[in-house]
Amino acid sequence: MTTLAHDSATLTRNALTVLQPGFTGTSAPDWLLRRLGEGLASVGLFGRNIASPEQLAALSAQLRAERDDVLVAIDEEGGDVTRLEVRGGSSFPGNLALGAVDDTELTRAVARELGRRLAACGVNLNWAPSADVNSNPDNPVIGVRSFGATPQLVARHTAAWIEGLQGAGVAACTKHFPGHGDTAVDSHHALPCIDADPETLAARELVPFRAAIAAGTRAVMSAHILLPALDPALPATLSPAALHGLLRAPVADGGLGFDGLIVTDGIEMRAVADTYGIERGSVLAIAAGADAICVGGGLADEDTVLRLRDALVTAVTDGRLPEARLADAAARVRALGEWAKTAGGPDAARRIAPAPEVGLTAARRALRITPADGAPAYRPPTGPVFVAALTPVAGIAVGDETPWGVAAELSRLLPGTTTAAHGPEDIAARGASAVVTQMLDAAADRRIVAVVRDVHRHGWMAGVLDALLAARPDTVVVEMGVPQAPPGGALHIATRGAARVCGRAAAEVITGVTADVGTGKEAGH
């Protein structure tokens, strides 16, 4: 057995310190508060923990009363992935919309306002932004969460987003290293593989991460993806070659020279858990160079925390995990906590002038509006419309709690508007023809607005949309995912994301109150 340099209490405290667990409820349970007193230094918040900004501020204060340097973390990308506004939709468009506008000052302003709101609620670590280059349009998990498909565009907006967020005193955690963009598998469900050579990785995946480090990102999140060019056996989260040998190594030695906190993606995700289990996976991750284990998106109880704590302690005592490596990881967590304690919080938020309309301005500017070739000029409806929503199964990262679409905004602008939603199971059970007939009957003489999301990835959706457009060519199409498919309909509106403000911007165009794309100025038809 390895001789320990420190007593067992120090070892146990360090093991708790490197965990970033979640919990259920809108106030902290007793077990969580007790573990903060024993060494736990971070808490992860999800949509289930948030009811309002006031409640979130009270929760953060409750945690900080137990430990004033606690890292209160959240997965708040804006756009499709929102926890702060999980039940109403985000006030900010996501990365693809910002990348499409390609105004880094706007991106910086959006992230600053998002950071201001987080800081006001006591959140000081954000597991964002996504720096993935969405080079594979069939990617099922990144898509609109990426700034785009070219490395330099993603790099400059990643840097701007980090600067805006951290300017508000909230630490950025850039993800998903070394890049999740060229995958066709969601690592929540299985282990993706990027079979690219080192030259391609350096010229594509790593470019935004180099920019993020240059911009001062306080943390980087590892991805559960296999890159044989780096490590033929272990996913990046568990790979010393990826974390210690690439991310942490000095630039002079071919690394990225990152000296901040390395956080794993959710350790209970199946890409790791199915093969290694969460206990062994956590040990391997810390040994590989990770400093913090994110857990609690799915497993959110005290037993999980104790299992992981004990697994790390046992790994040190039996020699599988160097005690110095665990101590170094814990020290990095505490160092970030000290930075956040002085840089962030409500006082930092009060020093920033609110910009409540910046998200809507960005969403308006991001729209791509395409009229039908050779068709008469589009005339906005003067009465209620019928919204036909074709809804794919929500990914785990996005979740199915957050509403999306244009129906709510159109109902506000055009009272009497109705909607019907159809998903893949409905189409498979009844057939596209029957569903389209039902849509036509429900719409009657009203204009139809078809709302889709990544139609290029879903054959069932494309089939229904084609049949609907054949029957009603005056249909307006709103694409709220990646606008990869050719535009169709009397008017095609690409929002480049499904945030609430994206739906509002599209509804303004449909009803005749539009924004001059590229300026954000409103003009009536």
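Everything quoted here is computed from the prediction, not taken from an experiment.

Digging into the pattern of salt bridges
Part 1 of the argument: Applying the stated criterion across every chain yields a total of 36 salt bridges.
Part 2 of the argument: With its nearest N and O atoms 2.9 Å apart, the salt bridge here joins Arg117 to Glu113. Residue Arg117 and its partner Glu113 are located together in helix 5 (residues 104-120), separated by four residues, close to a single helical turn.
Part 3 of the argument: Each of Arg248, Asp259, Asp291, Arg325, Asp328 and Arg332 takes part in a single network of salt bridges with overlapping partners.

Observations regarding the packing of helix 18 (residues 432-443) against helix 19 (residues 459-471)
Helix-helix packing is described using two parameters, namely the angle between the two axes and the distance between the axes.
Part 1 of the argument: Helix 19 packs onto helix 18 with a crossing angle of 45° between their chain directions and a minimal axis gap of 9 Å. What the angle tells us is that helix 18 and helix 19 run oblique. Handedness of the crossing formed by helix 18 with helix 19: right-handed. Residues Ala432, Val436, Met439 and Leu440 of helix 18 form the contact with helix 19, whose participating residues are Val464, Ala467, Leu468 and Ala471.
Part 2 of the argument: Counted by class, the contact of helix 18 with helix 19 contains eight nonpolar, no polar and no charged residues.

Quick look at the packing of aromatic side chains
Part 1 of the argument: Within the structure shown, the criterion is met by two aromatic pairs.
Part 2 of the argument: Ring plane angle 45° and centroid distance 5.9 Å describe the contact between Phe46 and Trp127, whose orientation is recorded as tilted. Of the two residues, Phe46 sits in the loop between strand 2 (42-45) and helix 3 (53-66) while Trp127 sits in the loop between strand 4 (125-126) and helix 6 (151-167), which places them 81 residues apart along the sequence. Of the two residues, Phe46 and Trp127, both sit in the buried class.
Part 3 of the argument: Ring centres of Phe177 and Phe209 lie 5.3 Å apart, and the angle between their planes is 90°; this geometry places the pair in the edge-to-face category.

With respect to the side chain of Asp231
Part 1 of the argument: As for its placement among the helices and strands, Asp231 is situated in the loop between strand 6 (219-222) and helix 9 (240-247).
Part 2 of the argument: For Asp231, the side chain forms a polar contact with the side chain of Ser239, separated by 2.8 Å.
Part 3 of the argument: Beyond its immediate chain neighbours, meaning those up to four positions away, Asp231 contacts Leu226, Ser239 and Ala241.

Section: the sheet that holds strand 9 (residues 368-371)
Part 1 of the argument: The strand order 9-14-13-12-10-11 describes an open sheet built from six strands, whose pairing is mixed. Edge strands, defined here as strands with exactly one partner in the open sheet, are strand 9 and strand 11 (418-422). Ignoring strand direction, the axes of neighbouring strands in this sheet form an average angle of 15°.
Part 2 of the argument: With five bridges connecting them, strand 10 (residues 386-390) and strand 11 associate as parallel partners. When the sheet's bridge partners are listed, Ala388 is paired in strand 11 with Ala420.
Part 3 of the argument: Sheet strands touched by helix 18: strand 10, strand 11 and strand 12 (448-452). Its angle to strand 10, the strand with the most contacts, is close to 160°.
Part 4 of the argument: Contacts between helix 19 and the sheet are confined to strand 10, strand 11, strand 12 and strand 13 (476-479), with strand 12 contributing the most and set at about 165° to the helix.

Here we look at the pairing of strand 12
Part 1 of the argument: Among the five residues in strand 12, five count as buried, and that is most of the element.
Part 2 of the argument: Relative to strand 12, strand 10 is paired through four bridges, and the arrangement is parallel. By the bridge assignment, Val387 is partnered in strand 12 with Val449.
Part 3 of the argument: Taken together, the four bridges between strand 12 and strand 13 define a ladder with parallel strand orientation.

Some thoughts on the side chain of Arg447
Part 1 of the argument: With respect to the helices and strands, Arg447 occurs in the loop between helix 18 and strand 12.
Part 2 of the argument: For the buried Arg447, no salt bridge exists, and the shortest N-O distance to an oppositely charged side chain is 4.6 Å, to Asp474.
Part 3 of the argument: Looking at Arg447, its side chain comes within polar contact range of the main-chain oxygen of Arg379, at 3.0 Å.
Part 4 of the argument: A distance of 2.7 Å separates a polar side-chain atom of Arg447 from the backbone oxygen of Asp474.
Part 5 of the argument: Excluding its chain neighbours within four sequence positions, the residues that come into contact with Arg447 are Tyr378, Arg379, Pro381, Val385, Phe386, Arg472, Asp474, Val476 and Ala490.

Focus on helix 5
Part 1 of the argument: Taking 1.5 Å as the rise per residue, helix 5 with 17 residues should run 24 Å; its terminal C-alpha atoms sit 24 Å apart, in good agreement.
Part 2 of the argument: When you tally the buried positions in helix 5, you get twelve out of 17 residues, the bulk of the element.
Part 3 of the argument: Of all the positions in helix 5, only Leu106, Thr107, Arg108, Val110, Ala111, Glu113, Leu114, Gly115, Arg116, Arg117, Leu118 and Ala119 are classed as buried.
Part 4 of the argument: Put simply, Asp103 is the residue that caps the front of helix 5, since its side-chain oxygen is 3.0 Å from the backbone nitrogen of Glu105.
Part 5 of the argument: Directly after helix 5, the chain includes Gly122, whose backbone phi takes a positive value near 90°.

Topic: unusual backbone geometry
Part 1 of the argument: Residue Pro129 follows Ala128 across a cis peptide bond; omega there is 10°.
Part 2 of the argument: Residue placement: Pro129 occurs in the loop between strand 4 and helix 6.
Part 3 of the argument: Despite not being glycine, Arg496 shows a phi value in the positive range, around 60°.
Part 4 of the argument: According to the relative accessible area criterion, Arg496 is buried, its value standing at 15%.

Examining the confidence of the model for the protein
Part 1 of the argument: Per-residue confidence for the protein gives a mean pLDDT of 92, with 94% of residues at or over 70.
Part 2 of the argument: This model gives residues 515-525 a pLDDT under 50, and the stretch forms 26 contacts once residues within four places in sequence are excluded.

The rules behind the values
Residues numbered from 1 in each chain as written. Predicted model: local features only at pLDDT ≥ 70, side-chain atom pairs only at ≥ 80, totals over all residues. Heavy atoms only, no water. Salt bridge = Lys/Arg side-chain N within 4 Å of Asp/Glu carboxyl O. Helix = DSSP H or I, 4+ residues; strand = E, 2+ residues; numbered from the N terminus. Axes fitted to C-alpha atoms, helices over the stretch in contact; angles between N-to-C directions. Parallel < 35°, antiparallel > 145°, perpendicular 65-115°, else oblique. Left-handed = near helix turned anticlockwise from the far one by under 90°. Contact = heavy atoms within 4.5 Å. Nonpolar A, V, L, I, M, F, W, Y, C, P; charged D, E, K, R; others polar. Phe/Tyr/Trp six-rings, centres within 6.5 Å; stacked < 30°, edge-to-face > 60°. Buried < 20%, exposed > 50% of the residue type's maximum accessible area, 1.4 Å probe, protein only. Polar contact = N/O pair within 3.5 Å; in protein donor to acceptor, adjacent residues only side chain to side chain. Pairing = 2+ DSSP bridges. Lys, Arg positive; Asp, Glu negative; His and termini not counted. Expected span 1.5 Å × (residues − 1). pLDDT = per-residue confidence, 0-100.

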